[in-house]
Amino acid sequence: MSYLDDKEHEPRDEMFRHRAPDGEKMSIGTYIATRIPTLKPPMNKAPNPFKLLALLNFQQWMFFLVGFLGWSWDAFDFFTVSLTVPQLAKQFDKENTQITWGITLVLMFRSVGSVIFGIAADRYGRKWPFVVNNILFIILELGTGFCNTYSQFLACRALFGVAMGGLYGNAAATALEDCPAAARGIISGMLQQGYAFGYLLATAFARGLVDTTSHGWRPLYWFGACPPVLIILFRLCLPETASYRERAAVRKANGSVTSTFISEGQVALRKHWLLLIYLVLIMAGFNFMSHGSQDLYPLMLENQYNFSPNAVTVTQVVANLGAMTGGTIIGYSSQIFGRRFSIIFISIIGGALLYPYTFVGNKKIMAAAFFEQFCVQGAWGVIPIHLMELSPGSFRTFVVGTSYQLGNLVSSASSTIESTIGERFPLPPKGKTKRYEYGKVICIFMACVFTYVIILALVGPERLGRNFDIAHDDDVADAAGTEALAAATHKRGANGRDDVEEASSGSDIDQHGKVRGVEKEFST
């Protein structure tokens, strides 16, 4: 998939910085010429997925689980507003469109949170920013549940956006950076589907808690503040990831942790600025893909095809089951066929399914919804590990979270764009209810989005199987100096382990798909 260094078997595919086999940097022209040849699937060995999952030791599973639960409940809290729009509109005496500003503010402020908490997690560790994130979830969900005015509601949701934006990059880093290389694809797919899982949980609890007591919509928000307490306790029981502790040891060996961290940031910006722009652009496409296919879909079912509320709910649940299935399967497949190839292939299939997804007017559309979201979230299943492998090691949390949230900010107008264009295609009204041909608009819009994502994936870089330890991170040597790097490595070698604890052991599968023994992560 990418050129390999003969000595280290380390992928050297960087944006406009490809290295040829002799170690020389590629020119832009040569890089462009390699885009199609490097798309050829590496056809790595396809082991039993259960054997891949067995590669993770207990601690690595706990890291994955706490990241998954945090991301799932993040999604739960986000969807509480979209599931209670009519009740909130009645409570605050506003129109539905005014209430949806609570959703828009979350999307807008998520980028702020990704910057603040991303930098904090890369500087101070994954644990405490994650804990602070969840404390904010508790406070802001309770606060939303006690809001009595529209202004209070908007303020709580804006602050919630900051907290929500800070969690994704941290959850991905916690779950994936210590994960055995061979299992990264399937674990990435499983992690990403925490978002769909959170939506399913929100839908189920909304049915049981909204308008079933004298408190109306409020119990859903009060309940939403409870599980983060358990997630916080869970995270407090776990240490920092081994990858972060290794990096922190190098900073400490250099004498000044803060100055070394700043130097790492300067090196990352100088060497990878073009890559950072690319990641924002492709994440904009991915967020357009998810929002464009999902946000207006319930309205299309209800308004254009006259689905009942129960039928809309069932269709949405079926679609999310397809999303969870697709994310896991395609994430696993990307370890075999490569990240870029998997994204492009499943995007083409998704484009082919757009017609039944938007033009079937009866309940058979549930099948199309299942497979369309299988494709959309299948492509998304590759994203967590793809971003991790491309990101500069010293700012992994910041880059993963911020590129995702800036892409989300760019795509936040998806539903507004589709709704506005949809009004140009009116249908015969149903009583006093105006009807529009939203299906046609979603189909055309998504065809453009799939094309955009395919092009960006084609021209972009890939570092399948990248090693996350500092020995394979040239940026660390540039920022901290080879002496600090050697000192930290020597200390680990003298102790026979990291100064905190050993990271992992077991078996793995190398870049070429061959099963091999895995050396202890910190052995020299």
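Residues numbered from 1 in each chain as written. Predicted model: local features only at pLDDT ≥ 70, side-chain atom pairs only at ≥ 80, totals over all residues. Heavy atoms only, no water.

Further remarks concern the overall build of the protein chain. Summing up its helical and strand segments, the protein chain has 25 helices and four strands in all. Taking as baseline every contact in the protein chain between residues at least 6 positions apart, the subset at least 24 positions apart corresponds to 80%. With the model as given, the accessible surface of the protein chain reaches about 20900 Å², and the carbon-plus-sulfur share is 65%. (Helix = DSSP H or I, 4+ residues; strand = E, 2+ residues; numbered from the N terminus. Contact = heavy atoms within 4.5 Å. Areas by Shrake-Rupley, 256 points an atom, 1.4 Å probe, with all protein chains shown as cover.)

Orientation of helix α16 (residues 297-304) relative to helix α17 (residues 309-337), taken along the N-to-C sense of each, is 145°, at an axis distance of 10 Å. For the element pair α16 and α17, the recorded crossing hand is right-handed. Where α16 approaches α17, its residues Y297, P298, L301 and E302 are matched on the opposing element by V312, T315 and Q316. (Axes fitted to C-alpha atoms, helices over the stretch in contact; angles between N-to-C directions. Left-handed = near helix turned anticlockwise from the far one by under 90°.)

Ranked by internal contacts, the top residues of the largest apolar core, which has 120 residues, are F78, I99, F153, I187, F286 and M289. Considering every element that reaches this core, the biggest residue donor is helix α20 (residues 365-390), with 13 residues. When neighbours within four sequence positions are excluded, I99 is seen to be in contact with V81, V85, L88, A89, F92, K94, Y150 and F153. (Core = buried A, V, L, I, M, F, W, Y, C linked by side-chain atoms within 4.5 Å. Buried < 20%, exposed > 50% of the residue type's maximum accessible area, 1.4 Å probe, protein only.)

By the secondary structure assignment, F78 is in helix α3 (residues 58-82). Apart from the residues lying within four places of it in its own chain, the contact partners of F78 are I103, V106, L107, R110, R157, F160, M164 and Y195.

This paragraph deals with the environment of G145. With respect to the helices, strands and loops of the structure, G145 is situated in helix α7 (residues 127-145). Its relative accessible area of 0% is what places G145 among the buried residues. Separated by 77 residues in sequence, G145 and W222 have C-alpha atoms that sit 5.9 Å apart. Residues in contact with G145, not counting those within four places in the same chain, are W217, R218, Y221 and W222.

So, on to the side chain of Q316. On the secondary structure map, Q316 appears in helix α17. If we skip the residues at most four places from it in the chain, Q316 touches Y199, Y297 and P298.

Note: most peptide bonds trans; most residues except glycine with negative phi. Here the phi dihedral of M43 falls at roughly 55°; this positive angle occurs in a residue that is not glycine. Residue position: M43 is located in the loop between α1 (28-33) and α2 (49-53). Using a relative accessible area of 52% as the deciding quantity, one classes M43 as exposed. At D211, a position not held by glycine, the phi torsion is positive, near 60°. With respect to the helices and strands, D211 occurs in the loop between α11 (194-209) and α12 (218-224).

A separate point is the environment of Y404. Along the chain, the position of Y404 falls in helix α21 (residues 396-411). Residue class for Y404 comes out buried when judged on its relative accessible area of 3%. Taking C-alpha positions, Y404 is 8.0 Å from L279, a pair spaced 125 residues apart along the chain. Look past the residues within four positions of Y404 in its chain and what remains in contact with it is W71, R110, Y168, M283, N287 and W380.

The subject of this paragraph is the packing of α3 against α11. Across the interface, α3 lies against α11 with an axial gap of 7 Å and an inter-helix angle of 50°. By the angle between their directions, the pair α3 and α11 is classed as oblique. Regarding α3 and α11, the two cross each other, and that crossing is right-handed. Of α11, the residues touching α3 (which contributes F68, W71, S72, W73, A75, F76, F78 and F79) are G194, Y195, F197, G198, Y199, L201, A202 and F205. A class-by-class count of the residues in the contact of α3 with α11 yields 13 nonpolar, three polar and no charged. (Parallel < 35°, antiparallel > 145°, perpendicular 65-115°, else oblique. Nonpolar A, V, L, I, M, F, W, Y, C, P; charged D, E, K, R; others polar.)

Summarising the model, the protein chain shows a mean pLDDT of 84, and 86% of its residues fall at 70 or more. Low pLDDT, under 50, characterises residues 1-23; the stretch is placed with 77 contacts to residues that sit more than four places away or in other chains. This model gives residues 496-524 a pLDDT under 50, and the stretch forms 62 contacts once residues within four places in sequence are excluded. (pLDDT = per-residue confidence, 0-100.)

To continue, consider α20. When the terminal C-alpha atoms of α20 are compared, their 37 Å separation across 26 residues agrees well with the 38 Å that a helix rising 1.5 Å per residue should span. I383 marks where α20 bends most, by close to 30°; the proline P384 follows one to four residues later. Across the 26 residues that make up α20, a large majority, 23, are buried. (Expected span 1.5 Å × (residues − 1). Bend = angle between axes of the 7 residues up to and from the residue.)

End to end, α3 covers 37 Å across 25 residues, agreeing with the expected 36 Å (1.5 Å per residue, within 8%). Of all 25 residues in α3, 20 are buried; the element is thus mostly enclosed. Put simply, N57 is the residue that caps the front of α3, since its side-chain oxygen is 3.2 Å from the backbone nitrogen of Q59. (Polar contact = N/O pair within 3.5 Å; in protein donor to acceptor, adjacent residues only side chain to side chain.)

Bringing the pairing of strand β2 (residues 433-436) into the picture now. Where strand β1 (residues 426-430) meets β2, three bridges bridge the pair, whose relative direction is antiparallel. By the bridge assignment, P426 is partnered in β2 with Y436. Count of turn residues in the β1/β2 antiparallel hairpin: two residues, of which G431 carries a positive phi of about 65°. (Pairing = 2+ DSSP bridges.)

A few words on the packing of aromatic side chains. One pass over the full model with this rule turns up 31 aromatic pairs. Aromatic pair F286 and W380: ring centres 5.5 Å apart, planes at 80°, arrangement edge-to-face. Taken as a pair, F286 in helix α15 (residues 257-294) and W380 in helix α20 lie far apart in primary sequence, 94 residues in all. For the pair F286 and W380, a shared accessibility class is recorded, and that class is buried. One aromatic cluster is present, formed by W71, F78, F79, Y168, Y195, Y199, F286, W380 and Y404 through successive ring pairs. We note R35 situated over the ring of Y31; from NZ or CZ to the ring centre the distance is 4.1 Å. Here the basic side chain of R110 rests over the ring of F78, its NZ or CZ set 5.6 Å away from the ring centre. (Phe/Tyr/Trp six-rings, centres within 6.5 Å; stacked < 30°, edge-to-face > 60°. Lys NZ or Arg CZ within 6 Å of the ring centre and 35° of its normal.)

Taken together, the side chains of W101, M108, F109, V112, V115, I116, I119 and L409 present a nonpolar region at the surface, about 640 Å² in accessible area. With seven residues, the single largest contributor to the nonpolar patch is helix α6 (residues 101-124). Position of M108 relative to the elements: it lies in helix α6. Taking relative accessible area as the criterion, M108 reaches 38% and is therefore assigned partly exposed. (Patch = residues over 30% accessible without salt bridge, like charges linked within 9 Å, V, L, I, M, F, W, Y side chains within 5 Å. Salt bridge = Lys/Arg side-chain N within 4 Å of Asp/Glu carboxyl O.)

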